[in-house]
Amino acid sequence: MPLSEQEQRMLDEMERHLLQHDADVVTAPSGDRALSYRNLVYGALLLLAGIGGLVAAVAAGERLGAIGSIILGVVAFLAMLGGAILAFTPVRRTAPVGSPTRARGAKTRDSSFMDRMNDRWDRRQDER
């Protein structure tokens, strides 16, 4: 079923609006802090180890005794908390000392995924 004229106009207007405003979101500066993938992985591993420790504390409750089980549970909880904090704490992005800043649009092997996507978005917008 084809769209009516009013529906087609509304769809075109929504598309224009999205193209104008999404470009602002995509190219918005993200600041000098970002999440580190290494910290995300280490934090997730620490979180999983903490969950495992908590399960072990509950499972070995009788063998460890009440005090030992509580101590192991608290240590496991602290490991989970530390893993979550490590995973979601942003790190400061700094350029290596002595390295020149890249010109916008320069394609290098070490450019980030978002930089490449921003470049593709800009090229697409220039073609229109």
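Residues numbered from 1 in each chain as written. Predicted model: local features only at pLDDT ≥ 70, side-chain atom pairs only at ≥ 80, totals over all residues. Heavy atoms only, no water.

Colleague: Help me understand the overall build of the protein in this model?
Modeller: Counting secondary structure elements, the protein contains 4 helices and 2 strands. Counting from the amino terminus, the protein carries its helices and strands in the arrangement α-β-α-α-β-α. Buried residues in the protein amount to 14% of all 128 residues. Nonlocal contacts in the protein, meaning residues at least 24 apart in sequence, comprise 73% of its contacts between residues at least 6 apart. When the accessible surface of the protein is totalled, it reaches about 10,500 Å², and 64% of it is carbon and sulfur. (Helix = DSSP H or I, 4+ residues; strand = E, 2+ residues; numbered from the N terminus. Buried < 20%, exposed > 50% of the residue type's maximum accessible area, 1.4 Å probe, protein only. Contact = heavy atoms within 4.5 Å. Areas by Shrake-Rupley, 256 points an atom, 1.4 Å probe, with all protein chains shown as cover.)

Colleague: Would you explain the packing of helix α2 (residues 37–59) against helix α3 (residues 61–88) in this entry?
Modeller: Geometry of a packed helix pair, given as the angle between the helix axes and the separation of the axes. Two numbers describe how α2 lies on α3: the axes approach to 7 Å, and their chain directions differ by 165°. Taken as axis vectors, α2 and α3 run roughly antiparallel relative to one another. Where α2 crosses over α3, the two elements pack in a sense that is left-handed. The residue inventory of the contact of α2 with α3, partitioned by class, reads 18 nonpolar, 9 polar and 1 charged. (Axes fitted to C-alpha atoms, helices over the stretch in contact; angles between N-to-C directions. Parallel < 35°, antiparallel > 145°, perpendicular 65-115°, else oblique. Left-handed = near helix turned anticlockwise from the far one by under 90°. Nonpolar A, V, L, I, M, F, W, Y, C, P; charged D, E, K, R; others polar.)

Colleague: Any chance you could explain the confidence of the model for the protein here in plain terms?
Modeller: For residues with low pLDDT, the predicted coordinates do not support detailed interpretation. Model confidence for the protein is summarised by a mean pLDDT of 79, while 77% of its residues fall at 70 or above. Note that residues 101–105 has pLDDT below 50 and, in this model, 7 contacts with residues that lie over four places away or in other chains. (pLDDT = per-residue confidence, 0-100.)

Colleague: Where do I start with α2 in this structure?
Modeller: In an α-helix, one full turn covers 3.6 residues, which means residues spaced three or four apart are oriented alike. Its 23 residues place the ends of α2 33 Å apart at the C-alpha level, agreeing with the 33 Å of an ideal helix rising 1.5 Å per residue. Within α2, burial applies to Asn39, Gly43, Gly50, Gly53 and Ala57. Packed against the buried residues of α2 are α3 and β2 (91–92). (Expected span 1.5 Å × (residues − 1).)

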